[in-house]
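Topology and contacts: notes
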Amino acid sequence: MTSIVRHITFDCAPPHEPYAIAEFWSQVLGHPVDPIDAPGDDEVALEVPEGQTTLLFVRVPEAKTLKNRVHLDLQPDRPRDEEAERVIALGATITDDRRKPNGRGWVVLADPAGNEFCIEVSTAEREALTAGEPA
């Protein structure tokens, strides 16, 4: 017997609310907040298609003190830099910039609660880089 990943869970410590962080990720990923969840709930999930892993946001009492040991790597459907700017406009902040002049690399961001994630190059950019074309 084996297991599947049902949720990827994000801790939300005060002053951050699980519902607000779920709304941020809803805008990033294009999945709505689960309609059974409401502001003030201790657990809030995104609604995803059957069989997909969802993100779950859970209220915890203690603040984050160290770098995340696990994080999400996002591959956008638009150019990496455009997606980074879109997500920054939603409330993310850049924590580390690993983009290279040749178009490779990624940018490390944090959501409004400080959870790190990376935005990598898009499929089209990756194909161009592999073919030796400028990204």
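To start, this report covers the structure provided alongside it. (Residues numbered from 1 in each chain as written. Predicted model: local features only at pLDDT ≥ 70, side-chain atom pairs only at ≥ 80, totals over all residues. Heavy atoms only, no water.)

Some details on the pairing of strand S3 (residues 54-59)
In plain terms, the rule: For the exposure calls, accessible area comes from a 1.4 Å probe over protein chains only, and a residue counts as buried if that area is under 20% of its type's maximum, exposed if over 50%, partly exposed in between. Numbering of helices and strands runs from the N terminus; a helix is a DSSP stretch of H or I covering at least four residues, while a strand is a stretch of E covering at least two. Whether two strands pair depends on DSSP finding at least two bridges between them.
Most of S3 is tucked away, with 5 of its 6 residues classed as buried. With 6 bridges connecting them, strand S1 (residues 7-12) and S3 associate as parallel partners. Across the sheet, Phe10 pairs through a bridge with Phe57, a residue of S3. In this sheet, S3 lies alongside strand S2 (residues 43-45) in antiparallel orientation, the contact comprising 3 bridges. Pairing of Glu43 across the sheet is with Val58, part of S3.

Things to note about helix H1 (residues 18-29)
The periodicity of an α-helix, 3.6 residues per turn, causes residues three or four places apart in sequence to face the same way. Applicable threshold: To estimate how far a helix should extend, the number of its residues minus one is multiplied by 1.5 Å. We call two residues contacting when some pair of their heavy atoms lies within 4.5 Å.
The end-to-end C-alpha distance of H1 is 16 Å, a good match for the 16 Å that 12 residues give at a rise of 1.5 Å each. For H1, every residue scored as buried is listed here: Pro18, Tyr19, Ile21, Ala22, Phe24, Trp25, Ser26 and Val28. Those residues of H1 hidden inside the fold are in contact with S1, S2, S3, strand S4 (72-74), helix H2 (80-90) and strand S7 (116-119). A positive backbone phi angle near 80° is found at Gly30, which sits one or two residues after H1.

Observations regarding the pattern of salt bridges
What counts, and what does not: A pair is scored as a salt bridge if a Lys or Arg side-chain nitrogen falls within 4 Å of a carboxyl oxygen belonging to Asp or Glu.
Following the criterion strictly, the structure yields 10 salt bridges and no others. Residues Arg78 and Asp77 are paired through a salt bridge, measuring 3.9 Å at the closest nitrogen-oxygen approach. Assessed through its relative accessible area of 32%, Arg78 is described here as partly exposed. One continuous salt-bridge network, built from bridges that share partners, spans Asp77, Arg78, Glu83 and Arg86.

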